[in-house]
Amino acid sequence: MITKTIMCPHCKNKVTIQGNPGEKTYIICPKCNTKGVFTFPEEKSELKTTTTSFTIEVDGLTKIYKDVTAVNDLSFNIRTGEIFGLLGPNGAGKTTAIKAILSLIHVNSGKIKINGFDIKKDGIEARKSVGYLPERVAFYDNLTPLQTLNFFCELRGDDKSVAKPLISEVGLEEAIDRKVGTFSKGMVQLLGVAQVMIGNPPVYILDEPMAGLDARWVKTIREKIKMLNEQGATVLFSSHILTEVENLCDRVAIIDKGKLIAEDTVANLNKYLKIKPRLEISIPGLNGKIPEEIKGLKGVEAVDAKDDTLFVTCESSVRSRVIATLEEAGLKIDNIKTIEPSLEEAFVKLISQDKGGA
Ligand SMILES: Nc1ncnc2c1ncn2[C@@H]1O[C@H](COP(=O)(O)OP(=O)(O)O)[C@@H](O)[C@H]1O
Ligand SMILES: [Mg+2]
């Protein structure tokens, strides 16, 4: 039942009436007796109010190179304002998927949207909002970072005044007058990050931004990604190393051989992949012999020994029990290193599980 207050067109008297959607009602104005007909409006379907909006939508993406299906019916959505990791071993199809998202390659099938714009129909609009860092960043060796960024500002029609602050922002101010040809890989990568920040895009797509960099640069790049996200940007980045995305991504899609294996939060993926760290314990005089006491310990998945190093794969929660057991057995521990398993290792396990193994 709808309640409406209508105004008599003749004497402007207000009358309140009730009826169902679509119903016609004959009215006589109680004040001036003017007759009229009123039709109650059809009920409009309620506007869907969803709290999740997607910045990047990938639906059924397939890309086949001659004899390789690089991406196979891949679908995932990236929420506005999140950091999304695209994870997979080398050759999994990450770069192909990213190039397809940006419509830099022809695809066999699939629908892709960036900020609601169909990448095929509205490619220019879709890409406008994206800062893209390709897998292999290349700049002119003979230019300084300032000349490089000035050049990109010119290309994009942006104000050159942003170049210098951007170089400072990525921590390259000391190298501002050096030629890019003398830069380390990490410095080139940071210049790449500065370059994609020109124009302050709301979306970043970074293809393996940390690949091949030492820990210091990885940390800097990670902090930069975090900062951009805190300023409101949506970030998609690819990686083949799980630890690179831990503590950084809101959600992750894992792909292998072009197929989506899982899409979830990092915490959930850890559970899903059943990843256990490996302890490398230095014990002088071990001589490749596995101590009996450790073999039957609950929570220990695998033990191996080589020379004076004992390798124990176990859940983090039993780490201290492993160490205590070794000490109780009278062994002297010199050093302990925790090695996080690579995504590849997790994959091997996951895939062997899929095949009914392990
Ligand atoms: N231009 C190409 N021509 C033929 N095969 C390609 C081409 N680019 C990539 N591939 C193949 O597609 C698969 C996925 O590659 P890629 O997307 O680069 O993976 P990732 O970025 O995850 O390492 C690999 O098997 C690779 O050899
Ligand atoms: Mg790649």
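Residues numbered from 1 in each chain as written. Chains lettered and ligands numbered in written order. Predicted model: local features only at pLDDT ≥ 70, side-chain atom pairs only at ≥ 80, totals over all residues.

Some remarks on the overall build of the protein chain
Part 1: Broken down by element type, the protein chain carries eleven helices and 18 strands.
Part 2: Taken across its 358 residues, the protein chain has 30% of its residues classed as buried. (Helix = DSSP H or I, 4+ residues; strand = E, 2+ residues; numbered from the N terminus. Buried ≥ 20, exposed ≤ 12 C-beta atoms within 10 Å, placed from the backbone.)

Section: the confidence of the model for the protein chain
Note: predicted coordinates in regions of low pLDDT should not be interpreted at a detailed level.
Part 1: Per-chain confidence: the protein chain averages 86 in pLDDT, with 90% of residues scoring 70 or above.
Part 2: Confidence drops under a pLDDT of 50 for residues 45–50, and excluding neighbours within four residues, the segment shows zero contacts in the predicted structure.
Part 3: Throughout residues 354–358 the model reports pLDDT below 50, and contacts reaching past four residues in sequence, or to other chains, amount to four contacts. (pLDDT = per-residue confidence, 0-100. Contact = placed C-beta atoms within 7 Å.)

Details of unusual backbone geometry
Part 1: Even without being a glycine, Glu208 presents a positive backbone phi close to 45°.
Part 2: Positionally, Glu208 belongs in the loop between strand S11 (203–206) and helix H6 (215–230).
Part 3: Note on Glu208: 23 C-beta atoms within 10 Å, which makes it buried.
Part 4: Its identity as a non-glycine residue notwithstanding, Asn287 has a phi of 55°, on the positive side.
Part 5: Structurally, Asn287 can be placed in the loop between strand S15 (278–282) and helix H9 (292–295).
Part 6: When the 10 C-beta atoms within 10 Å are taken as the criterion, Asn287 is described as exposed.

As for the sheet that holds strand S12 (residues 234–239)
Two modes of strand pairing occur in sheets, parallel and antiparallel, and in both the strands are linked by backbone hydrogen bonds.
Part 1: Spatially, the six strands line up as an open sheet ordered S10-S11-S12-S7-S13-S14, and their pairing is mixed. The strands lining the two open edges of the sheet, one partner per strand, are strand S10 (130–133) and strand S14 (259–264). The sheet shows a mean angle of 15° between the axes of neighbouring strands, direction not considered.
Part 2: The pairing of S10 with S11 spans four bridges and is classified as parallel. Counterpart to Gly131 in the pairing with S11 is Tyr204. (Pairing = 2+ DSSP bridges. Axes fitted to C-alpha atoms, helices over the stretch in contact; angles between N-to-C directions.)

What about the site of ligand 1?
Part 1: Taken together, the residues surrounding ligand 1 are Tyr65, Val68, Ala70, Gly88, Asn90, Gly91, Ala92, Gly93, Lys94, Thr95 and Thr96.
Part 2: Elements that contribute at least two residues to the shell around ligand 1 include exactly strand S6 (68–79) and helix H1 (94–101).
Part 3: Of the residues that constitute the shell around ligand 1, the class distribution is four nonpolar, six polar and one charged. (Near = placed C-beta within 6 Å. Nonpolar A, V, L, I, M, F, W, Y, C, P; charged D, E, K, R; others polar.)

Quick word on the sheet that holds strand S5 (residues 54–65)
Part 1: Taken in spatial order, the four strands make up an open sheet running S6-S5-S8-S9, and their pairing is antiparallel. Each end of this open sheet is capped by a strand with a single partner; those strands are S6 and strand S9 (117–118).
Part 2: Here strand S8 (residues 109–114) pairs with S9 via two bridges, running antiparallel. Bridged to Lys113 within S9 is Asp118.
Part 3: In this fold H1 packs onto S5, S6 and S8, with an angle of close to 120° to the strand it touches most, S5.

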